There are 4 protein chains.
Amino acid sequence: MSQELQYKDCIEACFEAVNASNVCYVSCLKEYDIAMLRECIELTRECSDICSFAADAMSRMSPFASDICSLTIQICEACAAECEKHPHQHCQDCAAACRRCVEVCREMCCVA
Amino acid sequence: MSQELQYKDCIEACFEAVNASNVCYVSCLKEYDIAMLRECIELTRECSDICSFAADAMSRMSPFASDICSLTIQICEACAAECEKHPHQHCQDCAAACRRCVEVCREMCCVA
Amino acid sequence: MSQELQYKDCIEACFEAVNASNVCYVSCLKEYDIAMLRECIELTRECSDICSFAADAMSRMSPFASDICSLTIQICEACAAECEKHPHQHCQDCAAACRRCVEVCREMCCVA
Amino acid sequence: MSQELQYKDCIEACFEAVNASNVCYVSCLKEYDIAMLRECIELTRECSDICSFAADAMSRMSPFASDICSLTIQICEACAAECEKHPHQHCQDCAAACRRCVEVCREMCCVA
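Residues numbered from 1 in each chain as written. Chains lettered and ligands numbered in written order. Predicted model: local features only at pLDDT ≥ 70, side-chain atom pairs only at ≥ 80, totals over all residues. Heavy atoms only, no water.

Right, let's get into the interface of chain C and chain A. One widely used convention gives an interface's size as the accessible area the parts lose upon coming together. Counting residues at the interface gives 19 residues for chain C, matched by 19 residues for chain A. Carbon and sulfur atoms supply 62% of the area buried between chain C and chain A, which totals about 1700 Å² over both sides. Put simply, chain C and chain A have four salt bridges between them. Ionic pairing is found between D49 of chain C and R60 of chain A, a salt bridge with its closest N-O pair at 3.2 Å. In this structure, the connection of chain C to chain A is made through eight residue pairs in polar contact (both at pLDDT 80 or more). Only α2 (38-59) and α3 (65-83) of chain C provide two or more residues apiece to the side of chain C that touches chain A. The biggest single contributor to the side of chain C that touches chain A is α2 of chain C, with eight residues. (Contact = heavy atoms within 4.5 Å. Buried area = accessible area lost by both parts, 1.4 Å probe. Salt bridge = Lys/Arg side-chain N within 4 Å of Asp/Glu carboxyl O. Polar contact = N/O pair within 3.5 Å; in protein donor to acceptor, adjacent residues only side chain to side chain. Helix = DSSP H or I, 4+ residues; strand = E, 2+ residues; numbered from the N terminus.)

Our next topic: the relation of the copies chain B and chain C. In screw terms, the move from chain B to chain C is a rotation of 180 degrees and a rise of 0.0 Å along the axis, fitting with an RMSD of 0.0 Å. Here the transformation between the copies is reduced to the relation of a two-fold axis. Mapped onto chain C, 100% of the interface residues of chain B again fall at the interface, so both copies present the same surface. (Least-squares fit on C-alpha atoms with pLDDT ≥ 70 in both.)

Turning to the interface of chain B and chain C, a few remarks are in order. Across the boundary between the two partners, chain B contributes 15 residues, which contact 15 residues of chain C. Of the roughly 1200 Å² buried at the junction of chain B and chain C (both faces included), carbon and sulfur atoms supply 47%. Counting the surface chain B buries against chain C, the share from its top three residues, L29, R38 and R45 of chain B, is 53%. On inspection of chain B and its partner chain C, the count reaches eight residue pairs in polar contact (both at pLDDT 80 or more). Mapped by element, the contributors of at least two residues to the side of chain B that touches chain C are α1 (2-28) and α2 (38-59) of chain B. The biggest single contributor to the side of chain B that touches chain C is α2 of chain B, with six residues. Considered class by class, the residues forming the side of chain B that touches chain C number seven nonpolar, two polar and six charged. (Nonpolar A, V, L, I, M, F, W, Y, C, P; charged D, E, K, R; others polar.)

Counted according to the given criterion, the structure contains one cavity of 30 Å³ or more. For the lining of the largest cavity, the secondary-structure elements that each account for two or more residues are α2 (38-59) of chain A, α2 of chain B, α2 of chain C together with α2 (38-59) of chain D. When residues of the lining of the largest cavity are assigned to their parent elements, the largest contribution, five residues, is made by α2 of chain B. Its residues placed into classes, the lining of the largest cavity shows four nonpolar, five polar and nine charged. (1 Å grid on protein atoms, 1.4 Å probe; cavity = no way out; pocket = protein on both sides within 12 Å on 5 of 7 lines; lining within 4 Å. Points joined across faces, edges and corners; volume = space filled by probe spheres on them.)

That is the geometry; function is a separate question.
What follows is the structure in structure tokens.
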């Protein structure tokens, strides 16, 4: 099924972003400087929720996949911008996964 | 982080099951013999929902990961048993992904 | 908290739509004319998923609540349009809950 | 549909718990003493996620509703126990909603 192939990379990039943002979220909760990480905790949750939702939607070939990916792009960008402000490795890893997800979602949205 | 490594295979197996059960779900909806596939449609949705929930929970190292995996095992087994009744390739693929997920979740639950 | 009050009606309308669309979904799966209800089954799942996501996002005062509501409006409208084609009571009830959800989400989006 | 009526109170109690735990979560993130609230932030997320999942499952009359409610009871109890340690009004409100949800879920599980 060609649509399935079309979504494959994007689903994987979303799953990677779910992982990275959840690892960042739970790691932030344990950091000494938690008071500096309020927005990071908030946005990593937003990010993992929408990425999980998007991967789920694409894997069932939702008629709204493109619109859901547009929203995913927006939220991943906000999460990446916040994570990039912090020196923790989990923040940097999360930012990289979010940037990658944005890139792949953008390709998907243009093709669809 | 060792806990992260511990969950890695299980998260991947859950994501595979989300994919396979959603592909099966949407494919069943298009089949000529849809009236034979009512339970398959119902259970693939149950399965993708819990597997997505479990992957999310493990990636944030939820204190309830083991209990969530126990429930995942139960639902994946029911889904696999139903899918195995049908000759469609997407049903067979879903059953295989569910069986694999059960196996990996079981190892995870025993270790945790 | 004023933001909380602002979202209250919209959260309730989303929860109503989750309920109605899930009842319609599971009822369609049991109907004799299931082959006529393929799109209804597909769209009620899309609808319950986004409405649940939106209610969750609003209750945590997500910075993306407005954008998520815009997407919710789009999906609820598609679901209502499909449900209105079918004479089943659960379809009619679902269409009404979706139309109501669209209305309340629209007010929320304009204010926010 | 009698099953629908059976679940009605339980679905409502779950939605109330989603609301209260998400309000507590986002409020904790803004508190001055955030470092004291790490577990509260973690558990309110766990709680809202499972309660949302449970409400969704019951509204579609999932064959696994009872098992999902058992897990919901466990997570709501952990969340309530943590919230009760903190003097903030949102923590107390969340604890009350969780205790209520536990009570109603317990009745539902026994009947089912």
